[in-house]
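Inside the fold
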Amino acid sequence: MYGLEKLNIINVKNVYRNLPVPKLVEEAIKRGEGVLANNGAFNVYTGKYTGRSPNDKFIVDEPEVHEDIWWENNKAISMDKFERLYNRLTAYLQNRDIFIFDGFVGADLQYRIPIRVITEYAYQSLLARQLFIRPNEEELRNHIPEYTLIAAPKFNSIPELDGVNSEAFIILSFTKKLIIIGGSQYGGEIKKSIFTLMNYLMPKRGVLSMHCSANIGKDGDTALFFGLSGTGKTTLSADPQRFLIGDDEHGWSDKGIFNFEGGCYAKCINLSKEKEPQIWNAIKFGTVLENVVYDENTREPDYSSDKITENTRAAYSIDFIPGAIPSGMGGHPKAIIFLTADAFGVLPPIAKLTKEQAMYYFLSGYTSKLAGTERGITEPQATFSTCFGAPFLPLKPMVYAKMLGEKIEKYNTKVYLVNTGWSGGPYGIGSRINLTYTRTMVAAALNGSLDNVEFVKDPIFNLSIPTSCPGVPSEILNPKNTWADKEAYEKAAKNLATRFAENFKKYKDVTEEIKKSGPNV
Ligand SMILES: Nc1ncnc2c1ncn2[C@@H]1O[C@H](COP(=O)(O)OP(=O)(O)O)[C@@H](O)[C@H]1O
Ligand SMILES: C=C(OP(=O)(O)O)C(=O)O
Ligand SMILES: [Mn+2]
């Protein structure tokens, strides 16, 4: 049925394909996978795994891909091991119900990839349906999946037998066109392994794949927001003044940009109606909530609770956001914002970058891993995550960086660095930069009001900092002002500058101008 035999998926019980939302919710409730929250969303607890598990993610080392893969950044597994685990997985699926979501990634018809997501849980199929691109009736009739992802969280691997690191595994084989996931029930593994696939496929077709959100202003100007998990891509792109294209993954072709997905995966820790109204309103019937604590009686979600994890999530279709662009496409970006959550509290809340600095900061990808986003991370941890998305990059960094450099040159895109992390001191002493101020600064950068203000050069990072920004107290624009102890600031800033320089040594294949555009040490 549905060509499953070709994948050796045989003797399964019931196969449910592309069920509509209410039926998926019914199935999920019947099976006790979770509960309905009082806002209509389906709320699930994912068990042990509530964030990504990078240590359990592998790429099959096959001759056809060996040269291309950035092995310093990706774990290899042999085809032999993959096949054995695959056979155990398909054996596990026998006599069980499975759910199929057939759909697409890539909003641009020229580049879209037909995918199939096979899951053990009904709600996982709902999550896939909300996050990826849903086919219309005709597209569904003619759908031939090119890549298949199988996720069976209750099937555990055995490290001694399977040659993996734990009971969880996420394995991609680019030649078999398969992704298999077991052990972990965290929805982000499904989403981000499809993103990893796109990061492999798109550059080969001349499309830059990017870990960024995107929206369009009233004048049709596109903006991109790059950033590692938890730095604000979803939050800042959901802006009532602008139209959302997508919250996380995009391609940039010769025609413009396009969303890879058809939905959003928002963090909801401390979510409030006042600060993030669009996300708040998107949490309704059809949305999947992950690991949000709720009141047993009233089924009221408690977004303030991090009892299960700080990485609580809501997965909803893009059209749950008012004004989202139905085509998922936009023109060449006028502006790019690099979001960095600086746990040292020394980077300015906004700075303008030269073209060389843009390349330097893109390759450096300095930010923090935020609590809960990866296994073992319980407080912000400074990291250099190449292209602001290293965990999802199968190819070597220069592949992406060269394409970005050419594009910002060709389309004359302005680039800003925005610190959505700490100020007034490091994590633990300072505080997270006020979201309202960040929104105001971003708006100023995008609507051109920063074009007419005076900038000063930060002596340590060489960054151009605006001396004023409408709606934001000028004192906070220069990070040194926000620290009570100026000496401590100098020390922390110099320490970070040194880390930048150390990290950048690995990039040999860049111009002197780019190398020199980093912080002074
Ligand atoms: N100054 C700020 N800028 C952006 N986000 C902030 C800020 N301060 C706190 N936050 C919180 O940080 C989180 C950002 O998460 P999110 O937008 O989902 O990140 P991403 O989409 O990049 O993974 C949200 O929970 C948001 O409320
Ligand atoms: C889903 C994830 O990323 P993001 O927060 O960027 O959406 C993740 O890192 O698991
Ligand atoms: Mn996001």
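Bear in mind the structure is a predicted one, so any value in this text is a computation, not a measurement.

1. So, the overall build of the protein chain
Along the backbone of the protein chain there are 15 helices and 28 strands. For the protein chain, with 521 residues in total, the buried portion stands at 54%. Long-range pairs, those at least 24 residues apart, make up 73% of the contacts in the protein chain between residues at least 6 apart in sequence.

2. Regarding the domain arrangement of the protein chain
What the domain assignment reports for the protein chain is domain 1 (4-35 + 73-204) and domain 2 (208-265 + 327-516). Facing 22 residues of domain 1, the contacting portion of domain 2 comprises 23 residues. Listed by contribution, the elements that provide at least two residues to the side of domain 1 that touches domain 2 are helix 4 (122-131) and helix 7 (187-204). In terms of residues, the side of domain 1 that touches domain 2 owes the most to one element, helix 7, which gives 10 residues. Per-class residue counts for the side of domain 1 that touches domain 2 are 11 nonpolar, seven polar and four charged.

3. Some words on the sheet that holds strand 17 (residues 288-290)
The strand order across the open sheet built from five strands is 2-3-17-18-16, with neighbouring strands paired in mixed fashion. The sheet terminates laterally at strand 2 (35-36) and strand 16 (263-267), the two strands that pair on one side only. Of the strand pairs in this sheet, strand 16 and strand 18 (residues 313-317) are connected by five bridges, and their pairing is antiparallel. Each residue of the ladder has a partner; that of tyrosine 265, found in strand 18, is alanine 315.

4. So, the site of ligand 2
For ligand 2, the full set of nearby residues is Arg52, Gly188, Lys191, Lys192, Ser229, Gly230, Lys233, Asp248, Tyr265 and Thr373. Considering each element in turn, the shell around ligand 2 owes the most residues, three residues, to helix 7. Residues that form the shell around ligand 2 fall into these classes: one nonpolar, four polar and five charged.

5. Description of the site of ligand 1
Every one of the 17 residues lining ligand 1 counts as a neighbour, but Gly232, Lys233, Thr234, Thr235 and Thr420 are closest to it. For the shell around ligand 1, the elements supplying multiple residues, two or more each, are helix 8 (233-237), strand 16 and helix 12 (435-447). In terms of residue count, helix 8 provides more of the shell around ligand 1 than any other element does, four residues in total. By residue class, the composition of the shell around ligand 1 is five nonpolar, nine polar and three charged.

6. What about the sheet that holds strand 1 (residues 15-17)?
Overall, mixed pairing links the eight strands, which are arranged 1-6-7-8-10-9-4-5 in an open sheet. Bordering the open sheet on either side are strand 1 and strand 5 (75-77), each of which pairs with just one other strand. In this sheet, neighbouring strand axes are inclined to one another by 20° on average, regardless of whether the strands run parallel or antiparallel. In the packing of helix 3 (residues 79-93) onto the sheet, contacts are made with strand 4 (57-60), strand 5, strand 6 (98-105), strand 8 (147-152), strand 9 (169-173) and strand 10 (178-182), and the angle to strand 8 comes to roughly 60°.

7. Points about the pairing of strand 9
Strand 9 sits mainly inside the fold: five of its five residues count as buried. Judged by which residues are buried, strand 9 turns out to be covered on both faces: Phe169, Ile171 and Ser173 on one side and Ile170 and Leu172 on the other are all buried. Here strand 4 pairs with strand 9 via three bridges, running parallel. Across the sheet, lysine 57 pairs through a bridge with isoleucine 170, a residue of strand 9. Sheet topology places strand 9 next to strand 10; five bridges connect them, and they run antiparallel.

8. Some thoughts on the nonpolar core
In this structure, Ala314, Ile337 and Phe338 are the most contacted members of the largest nonpolar core, which totals 155 residues. Counting residues per element, this core draws most heavily on helix 7, which supplies eight residues. Inspection of this core shows a minimum of three residues originating in each of domain 1 (4-35 + 73-204) and domain 2 (208-265 + 327-516). Beyond its immediate sequence surroundings of up to four residues, isoleucine 337 is in contact with Ala223, Leu224, Phe225, Tyr416, Val418, Val442 and Ala445.

9. Things to note about the UniProt feature "binding site: Mn(2+)" (unreviewed entry) in the protein chain
Listed under "binding site: Mn(2+)" (unreviewed entry) in the UniProt record, and renumbered for this structure, are Lys192, His211 and Asp248. The greatest C-alpha distance among the residues just named is 10.1 Å, despite their covering 57 residues of sequence, which places them together in space. Here lysine 192 lies in helix 7. Lysine 192 gets classed as buried once you count the C-beta atoms within 10 Å, which come to 24. Leave out the neighbours within four places in its chain, and lysine 192 touches Arg52 and Phe392.

Parameters and conventions
- Residues numbered from 1 in each chain as written.
- Chains lettered and ligands numbered in written order.
- Predicted model: local features only at pLDDT ≥ 70, side-chain atom pairs only at ≥ 80, totals over all residues.
- Helix = DSSP H or I, 4+ residues; strand = E, 2+ residues; numbered from the N terminus.
- Buried ≥ 20, exposed ≤ 12 C-beta atoms within 10 Å, placed from the backbone.
- Contact = placed C-beta atoms within 7 Å.
- Domains from an automatic or database assignment.
- Nonpolar A, V, L, I, M, F, W, Y, C, P; charged D, E, K, R; others polar.
- Pairing = 2+ DSSP bridges.
- Near = placed C-beta within 6 Å.
- Axes fitted to C-alpha atoms, helices over the stretch in contact; angles between N-to-C directions.
- Core = buried A, V, L, I, M, F, W, Y, C linked by C-beta atoms within 7 Å.
- UniProt positions renumbered as here; feature names shortened; annotations may be inferred.

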